[in-house]
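Descriptive analysis of the structure
What follows is each chain in one-letter form.
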Amino acid sequence: MSRRLEITLAATEGALIRVLGTVERRGYSLSSLHVEKDKSNMRVSMQIESDRDANVLCRQLDRLFDVQNVVLEAEPVLVVAPGFQATWL
């Protein structure tokens, strides 16, 4: 299952490496990564792939020293109306 994380962390030496190392050591595969940096913070957006619960990873990342905020984006829910049939095909 693919999930997206938004992480805010201090722009200090080694902070990003600690986050990426935790993701890898906990058994999650990183499929995309985007980092924006300003003077004192970094905003990291990452897409992870795993059958494991992503909430566990969020709690582990939140415990890291320079991490200020971790947000797990909600899973999209596909709703299909029962008995719906496309008539234009």
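On a predicted model such as this, the values are computed, not experimentally measured, just so you know. (Residues numbered from 1 in each chain as written. Predicted model: local features only at pLDDT ≥ 70, side-chain atom pairs only at ≥ 80, totals over all residues. Heavy atoms only, no water.)

1. What about the nonpolar core?
Condition: As used in this record, nonpolar core signifies buried Ala, Val, Leu, Ile, Met, Phe, Trp, Tyr and Cys residues forming a set joined through side-chain atoms within 4.5 Å. Relative accessibility thresholds used throughout: buried, under 20% of the residue-type maximum; exposed, over 50%; partly exposed, between the two (1.4 Å probe, protein chains only). Helix numbering and strand numbering both begin at the N terminus, where a helix is a DSSP run of H or I of at least 4 residues and a strand a DSSP run of E of at least 2. Residues are treated as being in contact if the distance between any of their heavy atoms lies within 4.5 Å.
Counting residues in each nonpolar core, the largest one holds 19 residues, and the members touching the most others are Leu5, Ile7, Leu9, Val19, Met46, Ile48 and Leu61. Elements that contribute at least two residues to this core include exactly strand E1 (2-10), helix H1 (15-25), strand E3 (41-49), helix H2 (54-62) and strand E4 (67-72). When residues no more than four places from it in sequence are discounted, the contact partners of Ile7 are Val19, Met42, Arg43, Val44, Met46, Leu61, Val67, Asn69 and Val70.

2. What about H2?
Rules: Here the arc refers to the set of directions running from the helix axis out to each C-beta atom. Side-chain atoms alone can form a polar contact between residues adjacent in sequence; in general such a contact is a pair of N or O atoms within 3.5 Å, and within protein one must be able to donate a hydrogen while the other accepts it.
Turning to H2, its buried residues number three or more, namely Ala54, Leu57, Cys58 and Leu61. The arc that holds the buried residues of H2, viewed along the axis, is 105°, so those residues lie on one side. Taken together, the buried residues of H2 touch E1, H1, E3 and E4. Of the residues that open H2, the one with a side-chain oxygen 3.2 Å from the backbone nitrogen of Asn55 is Asp53.

3. Brief notes about the pairing of strand E2 (residues 29-37)
Here is the rule we go by: Two strands make a pair as long as DSSP finds a minimum of two bridges between them.
Examined bridge by bridge, E2 and E3 share eight bridges and lie antiparallel to one another. Of the residues in E3, the one forming a bridge with Ser32 is Gln47. Where E2 folds back onto E3 in an antiparallel hairpin, the turn is made up of three residues.

4. As for H1
All of the buried residues along H1 are Ala15, Val19, Gly21, Thr22 and Val23. Elements in contact with the buried residues of H1: E1, E3, H2 and E4. Downstream of H1 by one or two residues, Gly27 has phi in the positive range, about 90°.

5. Digging into the side chain of Ser50
Mapped onto the secondary structure, Ser50 falls in the loop between E3 and H2. With a relative accessible area of 14%, Ser50 lands in the buried category. A distance of 3.0 Å separates the side chain of Ser50 from the backbone nitrogen of Arg52, its partner in a polar contact. Once you skip the residues sitting within four places of it in the chain, Ser50 turns out to touch Met1, Gly27 and Tyr28.

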